[in-house]
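Spelled out, the chains give:
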Amino acid sequence: MLLDAPERPPRSLRYVEDAFDQISKRRNIRDIVILNDLGHPVKSTMGHDDSVQFAGLFQAIRGRLERGMKIIDPTDELLMLRVRTKTNEVLLTPDSKITVIVVQNAQDDFQK
């Protein structure tokens, strides 16, 4: 028998807009994608097709990471995923209703 998940009120459009505005004011931000609880982009600086593809790739990484973490500690939960290359850094921050993915320039002031 399957149990129904408890109903959660969705994040409001205002909440999404406020989060998007706060992030976009930060320095070195290249792209922002905000996903709903189903993993669909609801607000993005990318084109629609790019947002959908990007979101799918990072949701797959997130799912694999969460499954791996459940093996280590079933009571733990993912708070942030940070992936860094020489030139970019991607931050994925999930909560129960939205997921925020931010791409920023990876700049080290101490490395010249």
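Structure first, text after, so check above.
The text that follows walks through the structure, step by step, so that each part is easy to find. (Residues numbered from 1 in each chain as written. Predicted model: local features only at pLDDT ≥ 70, side-chain atom pairs only at ≥ 80, totals over all residues. Heavy atoms only, no water.)

Strand order in the open sheet formed by five strands is 2-1-5-4-3, with antiparallel pairing between adjacent strands. This sheet does not close on itself; its edge strands, each paired only once, are strand 2 (41-44) and strand 3 (81-84). The average undirected angle you get between the axes of adjacent strands in this sheet is 15 degrees. Relative to strand 4 (residues 88-94), strand 3 runs antiparallel, the two being bridged by four bridges. Each residue of the ladder has a partner; that of Arg-84, found in strand 4, is Glu-89. Against the sheet, helix 1 (residues 13-24) touches strand 1 (29-35), strand 2 and strand 5 (99-105), its axis set at about 165 degrees to strand 1. (Pairing = 2+ DSSP bridges. Helix = DSSP H or I, 4+ residues; strand = E, 2+ residues; numbered from the N terminus. Axes fitted to C-alpha atoms, helices over the stretch in contact; angles between N-to-C directions. Contact = heavy atoms within 4.5 Å.)

Once that is clear, we can look at the packing of aromatic side chains. If you walk through the whole model with that rule in mind, you get one aromatic pair. Consider the rings of Phe-54 and Phe-58, whose centres lie 4.9 Å apart with planes at 45 degrees: the pair is tilted. Note that Phe-54 and Phe-58 are positioned in helix 2 (residues 48-72) at a spacing of four residues, about one turn of the helix. Just as Phe-54 is buried, Phe-58 falls in that class too. Lying across the ring of Phe-20, Lys-43 places its NZ or CZ 4.7 Å from the centre. (Phe/Tyr/Trp six-rings, centres within 6.5 Å; stacked < 30°, edge-to-face > 60°. Buried < 20%, exposed > 50% of the residue type's maximum accessible area, 1.4 Å probe, protein only. Lys NZ or Arg CZ within 6 Å of the ring centre and 35° of its normal.)

What follows covers the nonpolar core. One recurring pattern in soluble globular proteins is that nonpolar side chains are buried together. One finds Val-33, Leu-35, Met-46, Phe-54, Ala-55, Phe-58, Leu-78, Leu-81, Val-90, Leu-92, Ile-101 and Val-103 forming the largest nonpolar core, which totals twelve residues. For this core, the secondary structure elements donating two or more residues are strand 1, helix 2, strand 4 and strand 5. With three residues, helix 2 is the single largest residue contributor to this core. Residues within four places of Leu-92 in sequence aside, it is in contact with Phe-58, Gln-59, Arg-62, Leu-78, Leu-79, Met-80, Leu-81, Thr-99, Val-100 and Ile-101. (Core = buried A, V, L, I, M, F, W, Y, C linked by side-chain atoms within 4.5 Å.)

Our next topic: helix 1. The terminal C-alpha atoms of helix 1, which comprises twelve residues, lie 16 Å apart, in line with the 16 Å expected from a rise of 1.5 Å per residue. Restricting attention to buried positions, one finds in helix 1 the residues Val-16, Ala-19, Phe-20 and Ile-23. Down the axis of helix 1, the smallest arc covering the buried residues is 100 degrees, so these residues share one side. Exposed side chains of helix 1 directed beyond 90 degrees from the buried face belong to Arg-14 and Gln-22. On the buried face of helix 1, the contacting elements are strand 1, strand 2 and strand 5. (Expected span 1.5 Å × (residues − 1). Arc of directions from axis to C-beta.)

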